[in-house]
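Structural overview for review
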Amino acid sequence: MRSPEEDTNDTFEAMVEVKLFATIRKVAGEKGFKTEASNVQEVLEEIYRKYGPEIRSEMAYCTILVNGRNIAHLRGKRTRLKEGDVISFFPPLAGG
Amino acid sequence: MLGGYMGRVLEVNLSNGERRLYPVSRRIRELYVGNKGLGTRLLYDLLPPGVDPLSPDNIMIVTTAPMTGTGAPSTNRVNITTKSPLTGAIVNSNSGGNFGVHLKRAGYDALIVRGKAPKPVYLKITEDEVSIEDAKELWGLDTHETQEKLPKEMGKLVIGPAGENLVKFACIVSQERVNGRAGVGAVMGSKNLKAVIAGGKMKPYIPDEEAYRETCKAWREVLKAHPATSQQLPSYGTASFINICNATFTMPTRNFKYGTWEETEKVSGESLAEKYLVKNTACYGCVIACGRQVEVQGKKVKGPEYETLGMLGPNILNSDLKAICEFNYQADLLGLDTISLGNVLGFVMEAGEKGLLKTELAFGKIDNIPQAIEDIAYRRGLGEDMAEGVRFLSQKYGGKEFAIHSKGLEIPSYEPRGAVGHGLGYAVSCRGGCHLQGGYVVYLEANGPITVDPLTTRGKPGLVVMNQTMLEAVSTLGCCNFTIFTMLMPKLLELNARSALVAKMLSLGFLYSGNLLGKSLSMPSWTIPVKPPFMMFPQVKAHAQCTGTNFTMGKFIELGQRSYNIDKLFNVREGFAAKDDSLPERLTEELQRSEEPNSRVRLAEMLPTYYKIRGWDQEGRPTDKTLKRLKIER
């Protein structure tokens, strides 16, 4: 069942903020960008379009958060986006 | 003879200068192996309950493991076990560097230090002799100066002024690595022991050395191929976690009041790499090289780790990365644990703000921090009280609800209201508020590639037991915890990232079978006689070959369980009980985010199940049945 925040019109595109981290940022050459997208898959496609094939290997293992929540706990790449959402992309990290 | 061991444990009594070889049976070596496991067993056997940790009666034990110094990658950790002056509980403090390798080259697996020297001394251990040397000229020097004055070719453990002045969270430094937590440096200081140095040319016997070398080579390849250990750690060090923790509400901010801060990016691993990184550094024999070298005051020095960045950054509302590099360097020179330091500073800032004590320290104000750090190390002014840690401060001035510790040990840089299972780990950890001995469940809840719902308590007790067991086993084998990332095979991570269904299944699988997974680790070792996949658990095969024993996955798990239970048994004997497995009210009662009703650590929902899975009674004491299963003799 969709949560109210996910249950938006399929065709509605929201202005969202994309943040890239660690080696993904290194390959992209920038910290992120703003784009219009209705779901996470569209953001991913925009990343591939913007940074070319080189970014694909960096994205192979990546963790995607929407407003700090892992999309595995939402609707995966079909997670709908709303105006002002922050979508963060992290490679598999280690530390601490 | 078991392979990998030097076969000798040195015992030195500093009160009377007596030296002897302490006998350790083959059975104890097989059951407790080395590092943390062996250290705890020895302390349990040698230290009677009720001893004042800073008295000559306390014992400091330095342990290595069979694979130390044998060419296994990232496996040269050195462990220091003692009774903590900060907590009164057991402390095992683990570090990289090279001291363990040098101690074995001198011919010893472990060192037991008793008593108190009548004047400052250092201990020199070579294959030819063991001598207690006058340290008059070293006393008062910082950790760098002390190491500079000692023979270059030997391994060193040293303390700085903080250890000499018995600061309760003083650390021990070796090269630039640190045995940081719970005041092991103060114990060394209380013995008038400024340094231990060791060196020689001895090598342990390894039954089938050629096969072992091949295994180590393959193991290095596994680490070099894994995205976490081959890319992220070398590129950003442990600091790579800063941004993801901030994004997932697990970054302590303003003395753990909040879990995220808009300025955090400025002190991240990415910012460190971009602005200050000179080069990577590595512990002896490590292929990962997660260490950072930065330039401070014109000198090339060790850069801050994740914990330091979090605790001296967002936790005190400081976004000045250069300043953190300088504070880190200053703390290392003086010999202070930066986790406790950041936590103490945060507490004092909040207590000052609330009018509980008088101080110029304030959130976001950093110009007076160097002076505060120095005052702690030399116990001047308010520094005298700050040197005792946050538990003492809250008892003296009030503010227990925001004194962020467990069992007296200041909690490190993961805000547990953003990952409640991690909070359970802090509460039950035998050495007190520790992310590693707590099981590091935040990796499964927030900052790892495969995550479960971070705010539910379902399955968390079992996941804490599972992670604690694995980390404990890895640590006892002498391996760096980063070798554990091999358990998350790249193919699995790729599948998890590519398929929403797989990610969901893994997430729910961990959550719903978490307690079962934890319980399954209590199976006797003979029920799991398998050799695990090398790509996932190279440590097991390597240890078996190094020692020439039939070390299986079952024995690996049992080792982790046994090692954790002997820790617990030590604390129980000292009077610790379920009431001590606790957290401050800020973490258990206050919501981190008003819109998230589950953003607090509901300990009461998790503790009974945790004890049950562990095979402990509801007071948190291992039952006789559990001890018998694990072959632990009281």
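Residues numbered from 1 in each chain as written. Chains lettered and ligands numbered in written order. Predicted model: local features only at pLDDT ≥ 70, side-chain atom pairs only at ≥ 80, totals over all residues. Heavy atoms only, no water.

1. Structural notes on the interface of chain B and chain A
- In this complex, chain B contributes 40 residues to the contact, which on the side of chain A involves 27 residues.
- Counting the surface lost from both chain B and chain A, the interface buries some 2600 Å², and carbon and sulfur atoms represent 56% of this.
- Looking only at chain B, the three residues that lose the most surface to chain A are Q232, I244 and A497 of chain B, adding up to 17% of its buried area.
- On the surface where chain B and chain A come into contact, there are one salt bridge.
- In this structure, R25 of chain A engages E265 of chain B in a salt bridge whose closest nitrogen and oxygen atoms are separated by 2.7 Å.
- Run the count over chain B and chain A and you get 15 residue pairs in polar contact (both at pLDDT 80 or more).
- Mapped onto the side of chain B that touches chain A, the elements with two or more residues apiece are helix 8 (227-236), helix 9 (241-247), helix 11 (306-311), helix 20 (490-498) and helix 21 (500-520) of chain B. (Contact = heavy atoms within 4.5 Å. Buried area = accessible area lost by both parts, 1.4 Å probe. Salt bridge = Lys/Arg side-chain N within 4 Å of Asp/Glu carboxyl O. Polar contact = N/O pair within 3.5 Å; in protein donor to acceptor, adjacent residues only side chain to side chain. Helix = DSSP H or I, 4+ residues; strand = E, 2+ residues; numbered from the N terminus.)

2. What to know about the pairing of strand 1 (residues 9-13) of chain B
Residue and element names in this part refer to chain B.
- For strand 1, the buried fraction is high: five of the five residues fall into the buried class.
- Neither face of strand 1 is left uncovered, since the one carrying V9, E11 and N13 and the one carrying L10 and V12 both have all their residues buried.
- Direction of pairing for strand 1 relative to strand 6 (residues 110-114): parallel, over a ladder of five bridges. Bridged to N13 within strand 6 is R114. (Buried < 20%, exposed > 50% of the residue type's maximum accessible area, 1.4 Å probe, protein only. Pairing = 2+ DSSP bridges.)

3. Side note on the side chain of R593 of chain B
Residue and element names in this part refer to chain B.
- Within the secondary structure, R593 sits in the loop between helix 24 (585-588) and helix 25 (603-614).
- Buried and unpaired, R593 has no salt bridge, with E596 as the nearest side chain of opposite charge at 4.1 Å.
- In this structure R593 touches F249, R417, G418, L455 and S599, once residues within four positions along its chain are discounted. (Lys, Arg positive; Asp, Glu negative; His and termini not counted.)

4. Considering the pattern of salt bridges
Residue and element names in this part refer to chain B.
- Within the structure shown, the criterion is met by 46 salt bridges over all chains.
- Taking the shortest distance from any N to any O, the salt bridge between E30 and R26 comes out at 3.3 Å. Of this pair, E30 and R26 are both found in helix 1 (residues 26-32), four residues apart, which corresponds to roughly one turn of the helix.
- The shortest N-O distance in the salt bridge between E350 and K354 comes to 2.6 Å.
- On the accessibility criterion, E350 (2% relative accessible area) is buried.
- Overlapping salt bridges bring together K257, E350, K354, R586 and E590 as one network.

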